[in-house]
Amino acid sequence: MTIVAGVDFGTLSVRVSMMDSEHGRLGTAVEEYPLHRKRDDPDYATQSHADHMRALARATRQAVKTAGIQGDRVEAIALDTTGSSVVPVDAHMQPLDEYYLWCDHRAKEEAQQITALAHSDGLEAIEWCGGVYSHEWGFAKLLHWLRHNPEKRDQFASAFEHCDMVAATLCGITEPRWAKRSVCAMGHKWMWNPKWGGLPPQSFLSKLDPLLDGVRDKLAGDYETSDHLAGRLSLHWAQELGLRVGIPIPVGAFDAHWDALGAGCREGDVVNVVGTSTCIIAMAKKTELIPGVCGVVPGSVDPNYTGIEAGLSATGDIFEAIARRAGVKVAELSKGLEKYRAGQTGLLRLTWDNGDRTVLVNSELGGVTLGWNLIHTAQDELFAAIEGTAFHTRIILERMAEHGVPVERVINAGGVPQNSPVLNQVYANVLGKPVLVPASVPTSLGSGLFALLAAGAFSSIPEAQAALCLRHTVFTPDARAVAVYQKLYALYRKAYFGLGTRSAAACSLGDVLPELRKIASEVIAPS
């Protein structure tokens, strides 16, 4: 029996689980930390590294207590975090500012400049992140910080993703060049790839802005997959966490990627981590460019595969917004949705309320609902929005499959599927495949899995998954609903590409509204 700690840093809290190689999760504790916003700047979202570390220490001690064990029995600790959450540091690894959290959206101008220059210079890296560099990603945030903090530039020595910064801190690393960097984090958000020798060339970065002169060297170091160690727990942090000094800490990763493994992801699976937005994770043996998909990175997710990341910019956020406009909670508005039949509302919902992350990669789009009449309700729109997120997911999965990514099983992970059987059934019907849902939220199972590997309890990820992963509830497609959704999906694709691209004039949408009405009338007609 081997006991380890699995850590998951979320947007508002850190979760620590004590995991036993034979019995799974022994105990869990959660500690919150503040998210700093500004009323006069809605794009601003930061957090303190010190707050994170204090919360980690409290949660770890509480998890040990809840599990009923002694801290010296814990044999490894692993962590995943949000991303891209970026912190600039000085030459001694001290933060020069707070984290630009993943949901900090201030770097829009910088992202647009990176995208434009990358295309004009023919930078291959831009094609591997969907053709558009996001304002949520590393280089955009770093450049924004450099432009807006001139008084701190002389102290700037490097910048780190959250997962790498926490691991380095726990290991007692005090020089940036000795800190390990996550292939998962840097590959998906910083355009790192061994295919072109790592990061984009310094000539490109300097041309983007002279403030980035020398930054490639400042980001140098060992880029490793999570089957390597970031280091070992230092004496100081062993005392703070109540654990044994010297236990191994593997290189960290992003939460959705490890959540996917915790949900049971294997080759041939696609995991929809459905929360406020949706992160779609898959993996494949072959590394192939997938147009419109924001990340194809060898060694992410499972170090032995190429990790693929895509997603929807808003999912649960849309459901919340519909309920808020109706003056109720989502749970209340959802009562009775199980009685709805495929296509009965006559509405077609394009869920672009936060733009399109995949496959159009266009942040300027907005939500669209087609087919309104005078008696439609907020509940009708909620059901149509669930259908819309499922249709959008099918667009993404088909794009992956077209480029060699096997899509055999679909797993709905994240918080939303745990509380919405209706959503899971709609997804099964729209995708025409069984949808598997873990018995509970798998958050921190992935980090526990990598901690157990680091401790030597298992020799492979599949072996660890067989011991740790939760059972699945299976939602099977209903043949009648599948037939209706086949018709609706054809209309959705037409509207999706017709309204979502500049060449919309070339695509006739004149039959969409009449067909929606026809399908709805057929569904609700007496049998």
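Basis of the calculations
- Residues numbered from 1 in each chain as written.
- Predicted model: local features only at pLDDT ≥ 70, side-chain atom pairs only at ≥ 80, totals over all residues.
- Heavy atoms only, no water.
- Helix = DSSP H or I, 4+ residues; strand = E, 2+ residues; numbered from the N terminus.
- Rg over C-alpha atoms; globule rule 2.2 N^0.38 Å.
- Buried < 20%, exposed > 50% of the residue type's maximum accessible area, 1.4 Å probe, protein only.
- Contact = heavy atoms within 4.5 Å.
- Areas by Shrake-Rupley, 256 points an atom, 1.4 Å probe, with all protein chains shown as cover.
- Lys, Arg positive; Asp, Glu negative; His and termini not counted.
- Charge placed at Lys NZ, Arg CZ, Asp CG, Glu CD.
- Pairing = 2+ DSSP bridges.
- Salt bridge = Lys/Arg side-chain N within 4 Å of Asp/Glu carboxyl O.
- Phe/Tyr/Trp six-rings, centres within 6.5 Å; stacked < 30°, edge-to-face > 60°.

**Student:** How would you summarise the overall build of the protein if you had to cite specific residues and measurements?
**Tutor:** Scanning the protein from N- to C-terminus turns up 18 helices and 23 strands. Against the 2.2 N^0.38 benchmark of 24 Å for 527 residues, the protein shows a C-alpha radius of gyration of 23 Å, consistent with a compact globule. Projected onto the principal axes, the alpha-carbon positions of the protein cover approximately 70 × 55 × 45 Å. In the protein, which comprises 527 residues, the share counted as buried stands at 58%. Within the protein, residue pairs in contact and separated by at least 24 positions form 71% of the contacts whose partners lie at least 6 positions apart. For the protein, the computed accessible surface area is about 20600 Å², with 50% contributed by carbon and sulfur atoms. The protein carries 49 positive and 59 negative side-chain charges, and their two centres are separated by 4 Å.

**Student:** Let's hear about the sheet that holds strand S14 (residues 253–254): which residues, and what values?
**Tutor:** The pairing of strands in a sheet happens through backbone hydrogen bonds and is either parallel or antiparallel. On the basis of which strands lie adjacent, the open sheet formed by 5 strands has the order S3-S2-S1-S6-S14 and mixed pairing. The open sheet terminates on both sides in strands that have one partner only, identified here as strand S3 (24–32) and S14. Where strand S1 (residues 3–9) meets strand S2 (residues 13–20), 7 bridges bridge the pair, whose relative direction is antiparallel. Its bridge partner lying in S2, Phe9 is registered against Val14.

**Student:** Can you tell me about the pairing of strand S15 (residues 269–274), naming the residues and giving the values?
**Tutor:** Burial runs high along S15: 6 of the 6 residues are buried. Residues Asp269, Val271 and Val273 of S15 are buried on one face, and the alternating residues Val270, Asn272 and Val274, pointing to the opposite face, are buried as well. Strand direction decides the pairing type here: S15 and strand S21 (residues 409–413), joined by 5 bridges, are parallel. From the neighbouring strand, Asn272 faces S21, where its bridge partner is Asn412. Here 5 bridges tie S15 to strand S16 (residues 278–284), and the two strands are oriented antiparallel to one another.

**Student:** Can you lay out the pattern of salt bridges for me, pointing to particular residues and giving the numbers?
**Tutor:** Taken as a whole and assessed by the stated rule, the structure comprises 21 salt bridges. One salt bridge connects Asp209 with Arg147, and the closest N-O pair in it is separated by 2.9 Å. With Asp209 in the loop between helix H6 (202–208) and helix H7 (215–218) and Arg147 in helix H3 (residues 138–148), this residue pair connects regions lying 62 residues apart in the sequence. Here Arg177 makes a salt bridge to Glu175, at a shortest N to O gap of 3.1 Å. A residue is classified by how much of its surface remains accessible, and Glu175, at 32% relative accessible area, is partly exposed. Via salt bridges that share partners, Arg325, Arg349, Asp353 and Glu381 belong to a single interconnected network.

**Student:** Just give me the short version of the packing of aromatic side chains, but keep the residues and values in it.
**Tutor:** Under the definition given, this model contains 13 aromatic pairs. Consider the rings of Trp145 and Phe156, whose centres lie 6.0 Å apart with planes at 45°: the pair is tilted. Of this pair, Trp145 sits in helix H3 while Phe156 is found in the loop between H3 and strand S9 (158–161), placing the two residues 11 residues apart along the sequence. With respect to class, Trp145 is no different from Phe156; both count as buried. An angle of 25° between the planes, with centres 5.9 Å apart, marks the rings of Tyr492 and Tyr496 as stacked. Of this pair, Tyr492 and Tyr496 both sit in helix H17 (residues 479–500), 4 residues apart, which is roughly one turn of that helix. Judged on exposure class, the residue Tyr492 and its partner Tyr496 are both buried.

Function cannot be read off these values alone, since they describe shape.
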